[in-house]
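So you can see what is in the structure, the chains are spelled out below.
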Amino acid sequence: MGDSAIWIAVLVGGFGTFMWRALGVAVETRVQEDSPLFNWIGCVAYAMVAGLMARVLLMPGGDLSFQPFVWRALAFLIALAIWYRYGKSVPIGLIAGVISYAIILQIKAL
Amino acid sequence: MLKASLLPLTHPANAPPDLPRPTLRGIRDCLNVPALGIGLTMIGFGAMAQDAGLAILPTLGITTLVWGIAGQVALVDIHASGGSLLALFVAVALANLRMFPMVVTGLSSVTGGRKLSVFSRLLLMQTLAISCWTQMMTRANHVPASQRLRYYIGFAVTLISAALLGTAIGHQLGRIVPQGVLTVAIFMTPLYLLLLISGARQWANRLSVIFGIGIGLTLYPVLGDWAVIAAGLLGGTLGFLSAPRLFPSQAKD
């Protein structure tokens, strides 16, 4: 694995993210704020982030096995319920989810 | 009301007061779950890169230039397994396609309506990450438009610093962090971001989040990384179209 090979890979990868950002900057000035198109793009962004984060949370590293998925989903649902119950407080929901997940991991390890 | 989707103020009269030090406030808001989450995530990434035989400088270069954990992991994975540059490019580009709608919707809430050169806008958006975008869309309503740029720079620079620090720590001593701690820590960031976006102010966005989660999880076993794009396009369109029907009182168009 040569030194230059990895740097070329870094630059190619860097371009793979830069091009979307540059395209976004170019398009942004042409889309009127709060127009239906703008709001639709916003919805796509929300759905994309949600889809990716849910996958990373519940199937980390592409883990498709069913039981770990159910346990992680349980911790997520506990977090969501407590977040909702306590005035949509993100810190409270987050702590509830992380503690639930830590407890679930402990029980599974026993 | 014109910018209701960006600056979630119900009345213009409720415009937030000026912050005494907007940059410092951005730094402070980041030195919380966002910086901790990205630091721990990047410890995991640094350890992974070290395992794959990468030196520390290219590893830090990946964090800086690819800037997004999904793309970073894909890059190291494909490089280590000897995949082609084309495969590497496609995988990273796919993992980062979300940056396009994030930039289109996030840029004006970062600049606060200020006119900036193309170079400055490119530079600003090169630092955009899911945490920054979510912060600006859902949490930065206490920052007046004129101070948003400084607030964002404080936030984003702190986030990147935490990421580089985490990458370096992970690369040098990743193995001293117990696996259990890393597993729980890595659970924290996506959970934090999911809770933040679930609290989106507009029903169209909230519904998009729900549809995005459902479609993303259902299609991932079939489509792999393409599922994120399907989740975005399908889920976002469903959310956009169904919100005015389900919640007509809030419909604006």
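Caption draft 1: Region of interest: the overall build of chain B. Scanning chain B for helices and strands turns up 12 helices and 0 strands. Helices and strands in chain B line up, N terminus first, as α-α-α-α-α-α-α-α-α-α-α-α. A compact globule built from 253 residues would reach a C-alpha radius of gyration of about 18 Å, and chain B, at 19 Å, matches this within 12%. Taken along its principal axes, the extent of the C-alpha atoms in chain B is 55 × 45 × 40 Å. Burial analysis of chain B (253 residues in total) assigns 55% to the buried set. When contacts within chain B are restricted to residue pairs at least 6 apart in sequence, long-range pairs at least 24 apart make up 76% of them. Of the roughly 10700 Å² of accessible surface on chain B, a fraction of 69% belongs to carbon and sulfur atoms.

Caption draft 2: Summary view of the interface of chain A and chain B. The interface is formed by 68 residues belonging to chain A together with 83 residues belonging to chain B. Where chain A abuts chain B, roughly 7000 Å² becomes buried across the two surfaces, and 81% of that area is made up of carbon and sulfur atoms. Looking at the side of chain A facing chain B, the largest losses of area belong to Arg 21, Tyr 46 and Met 48 of chain A, adding up to 13% of the total buried there. Counting every contact that joins chain A to chain B gives 0 salt bridges.

Caption draft 3: Layout of the domain arrangement of chain B. Residue and element names in this part refer to chain B. If you check the domain split of chain B, you get domain 1 (16-199) and domain 2 (200-253). Centre-to-centre, using C-alpha coordinates, domain 1 lies 23 Å away from domain 2. Counting residues at the interface gives 9 residues for domain 1, matched by 8 residues for domain 2. Where domain 1 abuts domain 2, roughly 740 Å² becomes buried across the two surfaces, and 63% of that area is made up of carbon and sulfur atoms. Of all residues in domain 1, Leu 94, Ile 197 and Gly 199 bury the most surface against domain 2, accounting for 53% of the area lost on that side. Between domain 1 and domain 2 we count 0 salt bridges in total. The interface formed by domain 1 and domain 2 includes 4 residue pairs in polar contact (both at pLDDT 80 or more). For the side of domain 1 that touches domain 2, the leading source of residues is helix H10 (residues 179-198), giving 4 residues. Here the residues of the side of domain 1 that touches domain 2 sort into 5 nonpolar, 4 polar and no charged.

Caption draft 4: Here's a closer look at the environment of Asn 205 of chain B. Mapped onto the fold, Asn 205 of chain B is located in helix H11 (residues 203-223). Assessed through its relative accessible area of 10%, Asn 205 of chain B is described here as buried. Look past the residues within four positions of Asn 205 of chain B in its chain and what remains in contact with it is Gly 42, Cys 43 and Tyr 46 of chain A together with Ala 200 of chain B.

Caption draft 5: Region of interest: unusual backbone geometry. Residue Lys 88 of chain A is not a glycine yet carries a positive backbone phi of 55 degrees. Tracing the backbone shows Lys 88 of chain A in the loop between helix H3 (66-85) and helix H4 (90-109). The backbone of Trp 67 of chain B shows a phi angle near 45 degrees, a positive value even though the residue is not glycine. When its relative accessible area of 2% is taken as the criterion, Trp 67 of chain B is described as buried.

Definitions and cut-offs
- Here, residues in each chain are numbered from 1, in the same order as that chain's written sequence.
- Chains carry letters from A onward and ligands carry numbers from 1 onward, assigned in written order.
- Owing to the predicted nature of the model, reporting of local features is limited to residues with pLDDT of at least 70; listing and counting of side-chain atom pairs is limited to 80 or more, with chain, interface and lining totals taken over all residues.
- Hydrogens and water are ignored here; the side-chain numbers use all heavy atoms of the structure.
- Only DSSP runs of H or I with at least four residues qualify as helices, and only runs of E with at least two residues qualify as strands; both kinds are numbered from the N terminus onward.
- Radius of gyration here uses only the C-alpha atoms, and the compact-globule reference equals 2.2 Å multiplied by the residue count raised to the power 0.38.
- Three labels apply to residues, based on accessible area from a 1.4 Å probe with only protein chains included: buried if under 20% of the type maximum, exposed if over 50%, partly exposed otherwise in between.
- The contact rule is simple, with two residues in contact once any of their heavy atoms fall within 4.5 Å.
- Only the protein chains shown count as cover for residues, and the accessible areas themselves come from Shrake-Rupley with a 1.4 Å probe.
- Using a 1.4 Å probe, buried area is obtained as the accessible area two parts lose upon being combined, added over both of them.
- Any Lys or Arg side-chain nitrogen found within 4 Å of a carboxyl oxygen on Asp or Glu counts as a salt bridge.
- The source of the domain bounds is an automatic or database domain assignment.
- Within 3.5 Å is the distance limit for a polar contact, defined as a pair of N or O atoms, with the added protein rule that one can donate a hydrogen and the other accept it, and that residues adjacent in sequence qualify only through two side-chain atoms.
- Basically, the charged four are Asp, Glu, Lys and Arg, the nonpolar ten are Ala, Val, Leu, Ile, Met, Phe, Trp, Tyr, Cys and Pro, and anything else, Gly included, counts as polar.

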